[in-house]
Amino acid sequence: MASSYTIKVAPAAVWSLQDAESYKSHYIGIEQAATWSESLFLTSIQAISQDPARYRHNAILSDKGIALRERLSIEDDFRCLYDVDEEHGVIEILLFVSMKQDLEKMLYRYYVLS
């Protein structure tokens, strides 16, 4: 894509990724969990910034009148919710959520929905 974007990372995205890393550290170890979360973060940023419109709007949020996109990482079994402000050239990473978790509960937990 020809446009360049500024990437912003919301506090909830950091918080949710830290929670996921903490959970994984109990099963794969601290170092591997840190490597995993860094990889998920960086691959999500890279893929989204290359073409932010490539990924679909989240259906649950669309039903609530909220137009946020999600990138699904099948390898990691995680989704990354983000918003794109085309006018100002900004992509905001909002939340990382396991595809095994109840998405709506996580949206309330991390204050994406209130």
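Let us look at the structure shown here. All of these numbers come straight from a predicted model, not from anything done at the bench.

Focus: the overall build of the protein
Alright, step 1. The number of helices and strands found in the protein is 4 helices and 4 strands.
Alright, step 2. Listing each helix as α and each strand as β along the protein from the N terminus yields β-α-α-α-β-β-β-α.
Alright, step 3. Relative to a compact globule of 114 residues, whose C-alpha radius of gyration would be 13 Å, the protein shows 14 Å and is just as compact.
Alright, step 4. Taken across its 114 residues, the protein has 39% of its residues classed as buried.
Alright, step 5. Sequence separation of at least 24 residues holds for 49% of the intrachain contacts in the protein that already meet a minimum separation of 6.
Alright, step 6. When the accessible surface of the protein is summed, it comes to about 6,800 Å², and 51% of that surface belongs to carbon and sulfur atoms.
Alright, step 7. Averaging the positions of the 11 positive and the 17 negative side-chain charges in the protein gives two centres separated by 5 Å.

Let's talk about the pairing of strand β2 (residues 69-73)
Alright, step 1. Within β2, 4 of the 5 residues are buried, which leaves the element mostly enclosed by the surrounding structure.
Alright, step 2. Joining the antiparallel neighbours β2 and strand β3 (residues 78-85) is a turn of 4 residues, in which Asp-77 adopts a positive phi near 65°.

A short note on a negative patch on the surface
Alright, step 1. A surface patch of like charges, here negative, comprises Asp-83, Asp-85, Glu-86, Glu-87 and Glu-92.
Alright, step 2. The partly exposed category is assigned to Asp-85, whose relative accessible area is 30%.

Considering helix α2 (residues 30-50)
Alright, step 1. The first and last C-alpha atoms of α2 sit 30 Å apart over 21 residues, in line with the 30 Å expected at 1.5 Å per residue.
Alright, step 2. When α2 is considered as a whole, its buried residues turn out to be Ala-33, Trp-36, Ser-37, Leu-40, Ser-44, Ile-45, Ala-47 and Ile-48.
Alright, step 3. In this fold, the buried residues of α2 make contact with β1 (6-9), α1 (11-28), β2, β3 and β4 (90-98).

Some remarks on a nonpolar patch on the surface
Alright, step 1. On the surface, Ile-7, Val-9 and Val-14 cluster together into a nonpolar patch covering about 190 Å² of accessible area.
Alright, step 2. Locating Val-14 in the fold gives a position in helix α1.
Alright, step 3. In this structure Val-14 comes out as partly exposed when scored by relative accessible area, which is 39%.

Side note on the sheet that holds β1
Alright, step 1. One open sheet holds the 4 strands; their spatial order is β1-β4-β3-β2, and the pairing between them is mixed. The open sheet has two free edges, formed respectively by β1 and β2, since each of these has just one partner strand. Between one strand axis and the next, the sheet turns by 30° as a mean value, whatever way the strands run.
Alright, step 2. Across 8 bridges, the pairing between β3 and β4 is antiparallel. Bridged to Tyr-82 within β4 is Ile-93.
Alright, step 3. Relative to the sheet, α1 contacts β1, β3 and β4, its axis offset from that of β4 by approximately 30°.
Alright, step 4. Contacts from α2 reach β1, β2, β3 and β4 within the one sheet, and its direction differs from that of β4 by about 140°.

About the thresholds
- Residues numbered from 1 in each chain as written.
- Predicted model: local features only at pLDDT ≥ 70, side-chain atom pairs only at ≥ 80, totals over all residues.
- Heavy atoms only, no water.
- Helix = DSSP H or I, 4+ residues; strand = E, 2+ residues; numbered from the N terminus.
- Rg over C-alpha atoms; globule rule 2.2 N^0.38 Å.
- Buried < 20%, exposed > 50% of the residue type's maximum accessible area, 1.4 Å probe, protein only.
- Contact = heavy atoms within 4.5 Å.
- Areas by Shrake-Rupley, 256 points an atom, 1.4 Å probe, with all protein chains shown as cover.
- Lys, Arg positive; Asp, Glu negative; His and termini not counted.
- Charge placed at Lys NZ, Arg CZ, Asp CG, Glu CD.
- Pairing = 2+ DSSP bridges.
- Patch = residues over 30% accessible without salt bridge, like charges linked within 9 Å, V, L, I, M, F, W, Y side chains within 5 Å.
- Salt bridge = Lys/Arg side-chain N within 4 Å of Asp/Glu carboxyl O.
- Expected span 1.5 Å × (residues − 1).
- Axes fitted to C-alpha atoms, helices over the stretch in contact; angles between N-to-C directions.

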